[in-house]
Amino acid sequence: HGPYQPREPGYGLHQPGHSPYDDQIPDPESRMLAIQNAKAYLLKSSTTSGLNLYDHLANMLTKILDEQPTNAVDIIENISKDVKWAQFQKKMDTLRDEHEILPTFEAAEKRKALFLKANGEGDEELEEEIGETPLPNVMETAFYFEQAGVGLSKDESYHIFLALKKLISVQPIQTCRFWGKILGLEMNYIIAEVQYHEGEEEEETEEEEVIEEGGKRRGEVEDEDEEKEKEDEPPKSTYKPPPVIPKEENGTGANKYVYFVCNEPGKPWVKLPPVTPAQIVCARKIKKFFTGRLDAPVVSFPPFPGNEANYLRAQIARISAEEEGDEEEEGGGGRDTYEENPDFQPLSVVEMVDSLSTWVHHIQNILKQGRCVWLNPFQKSEEEEEDEDEEEKAEEPDELQQEIGPPLLTPLSEDEGIQNIPAWTAQPSTNLIPQYAVAILQSNRWPGAYAFASGRKFDNIYFGWGHKYSPENHTPALPPPVQAEYPSGPEITETRDPTLEEELAFKAAKEEALAAAEEEDDEEDVEDDEEEEEDD
Amino acid sequence: MEAALLPAALELAAGGGAGLSPEKRAVLGASLLLLQRDYRFERVWFWGCIQGVRGAYYIAEGLGPDRAAPRSRLYSLNCVEWSLLPPATEEMVAQAEQLKGRFQGDPSFEYEHIEINAEDAERLFEDGKEPTIKEEARLVATIEQIDRAVGIIPRGAFVKTPLGSVHENRSFEGLSLTEAKKLSSYFHFTEPFNLKNKTLLEKADLDPSTDFLDSLEHDIPQGSWTVQLEKGDTVVVLRSLLWLGLTFYHVPMTKQYGYVYFGTGEKNFDLPFML
C-alpha cells in the first residue's frame, strides 16, 4: 500500500505497519493523531461557500434529531439543502430588507373594515336596526342552500352579509336580496338585487334627459352644416334601421329591480345600468365569459351594444326572468304585481318535490322583443308622419305581431324542457330525515340557478358562469348578406368616353349646324335690312 | 382532494358555489375510510360529483404505492355504497366523445344512435345488436377525460424516484405567492405529451425528479384556465374553462392543495367563442 493521496479514503489513518482497514488503531497516541487529522480536515472551510463540513454535519444531525422525521435517510439530501439554505439566510447585510407588503395584507385590511362599526352609531340607531330592516338574513338562506350542497363557504357568506349591510346604509333601499355570484376570468361578481324606496330614483332620469337634450342640440347643428353642402350627393340609402325599442321604465318589467355588484366583499358596490331590449336580444345570441371588470368591452358578433356592465345586467335579467321560482302563492293584483297571500298554507316537502306545478314564476317573462310588456314600435308620432315620403311608406316591413308571454304566476311545470330534459329537477335535500328536509329545485336551462322551499321560507340564488345551457354547440350568427348594389340605371351608369374621331365628327357636325344657323340669321338680317331699306 | 382533508378542502374550493351538504360530508368521512380499508388503497381522493338530470354520481379515486399508476375509480349514488368502475379503454373514450347532453343519473341507462365508423358498425350489426353505450361506460370515459385534460398538481408536490415510481414529495412546502399565480407552476397529473418537444435549453433547466410532467402554460386554447386569489388573497383557485366545474385550490406556502369537480360532466366546446 503506497502513500495515500489526500483525497483517497484512508488518508491520515494509514500508519505504517497497520492495514488501513483496521478499525482499531492500537496505539492511543497515533489514534488521537488520526482523529485530530480527520477533524482538522472536516473543519476546513470551503473556498467557495465559507462553510465547513463539520459544522454542516453537526447542524444537520441536530435538525434530524430535533424533528425526528420518518425514513430520514430517504430525504437526507433535502434536509441538507434546507440546512444550507438556512445558513445563508442568517447572513444579513447591514441593509435590511423592507418588510414585504404582501397584497394579502391589503385585502385583509379591507375585510377587517367590514367588521368595524361605522362611526357615530349610538344606541338609538341600534334600535332602528333591530326593527324593520331591508337587510336579508343571508346566513339563514345560506343554511337552507347548504342542505342542498349549494353555496359559498361560511366565511364568504358572512362577509357578503356585512357587505350588504354596508350597501343598505349607503343607499336608500327598500328591499334587498343576495342574488348570487357570477364567476369571471379575472375576478368574480357578487350581485345584490335591490328595490329603491319610491321616489328615490328620479335623480337618474333627470341626468338622462339632460344628456338627451345635449344630443339633440348637437344634432341640429349638424343638420345646418349639411344643408350648406348640398351638392350632388350620392344616392341616398333606402335602408331604414329597425326602430329602436325603448327600454322599460325603471321599476317595471325587466328593470323592476336595480342590481349592485362588487368584485369582493369589502370592495365598493357599483350600480348596474338599466337594461335595454336591444341588449337582451343581443345577449341571447352571444356567449362570452365575463372578465370581472365592468368596463371591459364585449367583443362579439352581433356587436353587443354596451360594455361588460350592460352584458352582465342583461344576463342577470334573463336569468331572473326565467329562473325565479316561488312556491305557489295566490296573486293579488293584475299581471304586473303580485302580493303575498297571508292565508298561504305551506305545502309539505314531498308535494313540492313531486310536482312542479307547486312552483311558479314570480318575475315576468321577457318576450322576444326584449321587454316584458310588448310595445308596438311602429306607432308613429305626428312629426314622423309629416316627413315621410311616399316611397318610404311602401317599403315598411309588415306589422309585427303582438307578442304575448306567459302570465305572471305560471307554474314551472309549463316551462319548456330542452330536448328530453325537463327544465327543472326537484329533489329533497335528504332522504334520511324527511321531517326536516328542504325541497330543492335545480334549473337545467341555466345551470347554477337553484331555489329552495321549506315551510313558509323560500328563496332563489344563482352561482355560476352566467350562461344558458344548450346541448348543441354555440353557433355565432352569420354576417348578414352582402348589401345589394344599386340597380343599374342610366343616371349612374358610366357611359363610354367618346373616341377622338367621334369628337371631331361631333365638332364638325356642330359647326355645320352653327353655320347653317348663322346663314339663316344672316338671311333674316338681310331681309330685315331690306325691309328697313324698303321702308325708308 | 385528499379524503382526510375533505372538510377544510371543501371550504377552500367553495368559491364557485358548489359543494356538499352536511349530510354528504358526514357520511363521506366514514365511507371513504372504509373504502381505503376494503380495497387496500394507500390514498383515497374524493374526485367530485357529476350532476345528472335525475340524480348525481359521487366519484372517489384510490391510489396505490405508485401515484402515477392508473387509478381505481369508484362511484356512488348516495355516498354510502360504492361500486368499482371498470378501467377506461380508448374505445370507451372514443365512443363517449360522440355523446352529447346531460347524464341521466341512472347508471344502467343506455344511449342509442351513436355514430361509429363503418367497420365497427358492421361488426356490431353482425351480432344483431344496435350500437349502444351504457351510462356507466360514459361515466368512466368522462372521468378519464377530465383527469387527463385538467387534473393538476402544483410543481414539486410529487417527485419521481429513479425507479420510475412517483411519490408525494415530503419536502414540498408549498408554492410562494408569486409562483402560485403563474400557470407554469402547475402540472397535468397524467402522461406528459409536450415534455419531449421542449428545446434542449429548456430541458437543461428542468429537474428530472420534479419536472416530469406537462405544465399548464402551453394548454390550448390559451386562457382556458382562470387563476384567482380568493378569501382575501389567501387561496389560489384555478378553474378550468374547458371542463366547467373543475376547481383546483392551493394555499401558498402550505402543503394544502387539491382539485375537485362539481359539474354536469360535459366538455365546453364553445370555449373559443367565449374567450
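In the annotation of an unreviewed UniProt entry, the entry for chain B reads Radial spoke head protein 9 homolog, and the organism field reads Haliaeetus albicilla. Recorded in UniProt under Sequence similarities (unreviewed entry), the annotation for chain B is "Belongs to the flagellar radial spoke RSP9 family."

Per an unreviewed UniProt entry, chain A goes by the name Radial spoke head protein 4 A and belongs to Haliaeetus albicilla. Database annotation for chain A, UniProt heading Subcellular location (unreviewed entry): "Cytoplasm, Cytoskeleton, Cilium axoneme".

Asker: I tried to follow the environment of Ile146(B) on my own but got confused; where do I start?
Answerer: Checked against the element boundaries, Ile146(B) lands in helix H5 (residues 135-150). Note: C-alpha distance between Ile146(B) and Glu112(B) (34 residues apart in sequence) is 23 Å.

Asker: Help me out: how do you make sense of the interface of chain A and chain B in this one?
Answerer: The figure often quoted for interface size is the accessible area lost as the parts come together. Taken together, the 50 residues of chain A in the interface contact 42 residues of chain B. The contact between chain A and chain B buries some 3,700 Å² in all, and 50% of this surface belongs to carbon and sulfur atoms. Per-residue buried area on chain A facing chain B is highest for Leu185(A), Phe289(A) and Trp465(A); these three make up 15% of the total on that side. Viewed at the interface, chain B and chain A are joined by 3 salt bridges. Among the salt bridges present, the one from Arg25(B) reaches Glu146(A), with a minimum N-O distance of 3.5 Å. In this assembly, chain A and chain B are joined by 15 residue pairs in polar contact (both at pLDDT 80 or more). At the level of secondary structure, the elements contributing two or more residues to the side of chain A that touches chain B comprise helix H4 (103-115), helix H7 (154-170) and strand E7 (424-428) of chain A. At 4 residues, the largest contribution of residues to the side of chain A that touches chain B is made by H4(A).

Asker: Before we go on, may I ask you to explain the side chain of Ser165(B) in this structure?
Answerer: Residue and element names in this part refer to chain B. Position of Ser-165 relative to the elements: it lies in the loop between strand E8 (158-160) and strand E9 (166-168). At 3.4 Å, the side chain of Ser-165 forms a polar contact with the side chain of His-167. Beyond its immediate stretch of four places on either side in the chain, Ser-165 contacts Asp-66, Val-159 and Lys-160.

Asker: I'm lost on the pattern of salt bridges in this one. Help?
Answerer: A pair can form between side chains of opposite charge whenever their charged atoms are brought close. Scanning the model with the defined rule gives 23 salt bridges over all chains in all. Salt-bridge contacts for Glu186(A) lead to Arg293(A); the nearest nitrogen and oxygen are separated by 3.1 Å. A residue pair is termed long-range when its members are at least 10 positions apart, and Glu186(A) in the loop between strand E1 (173-182) and strand E2 (189-196) and Arg293(A) in the loop between helix H9 (277-285) and helix H10 (308-323) qualify at 107 residues. Note that Glu2(B) and Arg43(B) form a salt bridge whose closest N and O atoms lie 3.2 Å from each other. Here Glu2(B), found in the segment before helix H1 (6-12), pairs with Arg43(B), found in strand E1 (residues 43-51); they are 41 residues apart in sequence, far enough to count as distant. For Arg43(B), a relative accessible area of 28% translates into the label partly exposed. Taken together, the shared-partner salt bridges in this structure form one network comprising Glu61(B), Arg71(B), Arg73(B), Glu90(B), Glu144(B), Asp147(B) and Arg148(B).

Asker: Mind showing me how you'd approach helix H6 (residues 138-146) of chain A here?
Answerer: Residue pairs three or four apart in sequence face the same way in an α-helix, which turns once every 3.6 residues. Regarding H6(A), the residues found buried are Val138(A), Thr141(A), Tyr144(A), Phe145(A) and Glu146(A). On its buried side, H6(A) packs onto H7, E1, strand E8 (439-443), strand E9 (449-454) and strand E10 (457-464) of chain A together with helix H2 (22-39) of chain B.

Asker: Is there a simple way to think about the nonpolar core in this case?
Answerer: Soluble globular proteins tend to bury their nonpolar side chains together. Trp47(B), Leu139(B), Phe158(B), Tyr186(B) and Leu238(B) are the most contacted members of the largest nonpolar core, which has 52 residues in total. Residue contributions to this core peak at 6 residues, all from H5(B). Apart from residues no more than four positions distant in its own chain, Trp47(B) is found in contact with Ile59(B), Ala60(B), Glu61(B), Ile143(B), Ile146(B), Asp147(B), Tyr259(B), Val260(B) and Tyr261(B). Grouped together as the second largest cluster of nonpolar side chains are 30 residues, Leu114(A), Val150(A), Leu164(A) and Phe260(A) included.

Asker: Before we go on, may I ask you to explain the packing of aromatic side chains in this structure?
Answerer: The geometry of two aromatic rings is summed up by the distance between their centres and the angle between their planes. Here the structure, examined in full by the defined rule, presents 22 aromatic pairs over all chains. Between Phe304(A) and Tyr311(A), the aromatic rings sit 5.3 Å apart at their centres with planes inclined by 65°, giving edge-to-face as the arrangement. A single burial state applies to Phe304(A) and to Tyr311(A), both of which are buried. Here the aromatic cluster, defined as three or more aromatic residues joined through ring pairs, consists of Phe143(A), Tyr144(A), Phe145(A) and Phe452(A). Above the ring of Tyr469(A), the side-chain terminus of Arg102(B) is found at 6.0 Å from the ring centroid. One cation-aromatic arrangement involves Arg138(B) over Phe103(B); the distance from NZ or CZ to the ring centre is 4.2 Å.

Asker: Looking at this model, I keep getting lost on a nonpolar patch on the surface. Mind explaining?
Answerer: All names here are of chain A. Taken together, the side chains of Leu-432, Ile-433 and Tyr-436 define a hydrophobic patch exposed on the protein surface, amounting to about 400 Å² of accessible area. Looking at the element boundaries, Ile-433 is found in the loop between E7 and E8. For Ile-433, a relative accessible area of 44% gives the class partly exposed.

Asker: Even after reading the chapter, I still don't get the confidence of the model for chain B, so can you show me in this structure?
Answerer: Across chain B, pLDDT averages 84, with 93% of residues at or above 70. Among the scores for the predicted complex, ipTM is 0.86 and pTM is 0.74.

Asker: Any chance you could explain the packing of H4(A) against H7(A) here in plain terms?
Answerer: Between two packed helices, both the angle of their axes relative to each other and the distance between the axes serve to describe the pair. All names here are of chain A. Two elements in contact, H4 and H7, have axes separated by 9 Å at closest approach and are oriented at 65°. In the crossing of H4 with H7, the sense of the turn from one axis to the other is left-handed. Contacts from Arg-111, Leu-114 and Phe-115 in H4 reach Tyr-158, His-159, Leu-162, Ala-163 and Lys-166 in H7. Residue composition of the contact of H4 with H7, by class: 5 nonpolar, 1 polar and 2 charged.

Asker: Would you mind showing me how to read the sheet that holds E8(A) here?
Answerer: Two pairing modes exist for strands in a sheet, parallel and antiparallel, and in both the strands are linked by backbone hydrogen bonds. Residue and element names in this part refer to chain A. The strand order E4-E3-E2-E1-E10-E9-E8-E7 describes an open sheet built from 8 strands, whose pairing is mixed. Edge positions in the open sheet fall to strand E4 (270-271) and E7, since each of these has one partner strand only. Taken together, the 2 bridges between strand E3 (residues 258-262) and E4 define a ladder with antiparallel strand orientation. If you follow Val-261 over to E4, its bridge partner there is Val-270.

Definitions and cut-offs
- Residues numbered from 1 in each chain as written.
- Chains lettered and ligands numbered in written order.
- Predicted model: local features only at pLDDT ≥ 70, side-chain atom pairs only at ≥ 80, totals over all residues.
- Heavy atoms only, no water.
- UniProt positions renumbered as here; feature names shortened; annotations may be inferred.
- Helix = DSSP H or I, 4+ residues; strand = E, 2+ residues; numbered from the N terminus.
- Contact = heavy atoms within 4.5 Å.
- Buried area = accessible area lost by both parts, 1.4 Å probe.
- Salt bridge = Lys/Arg side-chain N within 4 Å of Asp/Glu carboxyl O.
- Polar contact = N/O pair within 3.5 Å; in protein donor to acceptor, adjacent residues only side chain to side chain.
- Buried < 20%, exposed > 50% of the residue type's maximum accessible area, 1.4 Å probe, protein only.
- Core = buried A, V, L, I, M, F, W, Y, C linked by side-chain atoms within 4.5 Å.
- Phe/Tyr/Trp six-rings, centres within 6.5 Å; stacked < 30°, edge-to-face > 60°.
- Lys NZ or Arg CZ within 6 Å of the ring centre and 35° of its normal.
- Patch = residues over 30% accessible without salt bridge, like charges linked within 9 Å, V, L, I, M, F, W, Y side chains within 5 Å.
- Areas by Shrake-Rupley, 256 points an atom, 1.4 Å probe, with all protein chains shown as cover.
- pLDDT = per-residue confidence, 0-100.
- Axes fitted to C-alpha atoms, helices over the stretch in contact; angles between N-to-C directions.
- Left-handed = near helix turned anticlockwise from the far one by under 90°.
- Nonpolar A, V, L, I, M, F, W, Y, C, P; charged D, E, K, R; others polar.
- Pairing = 2+ DSSP bridges.

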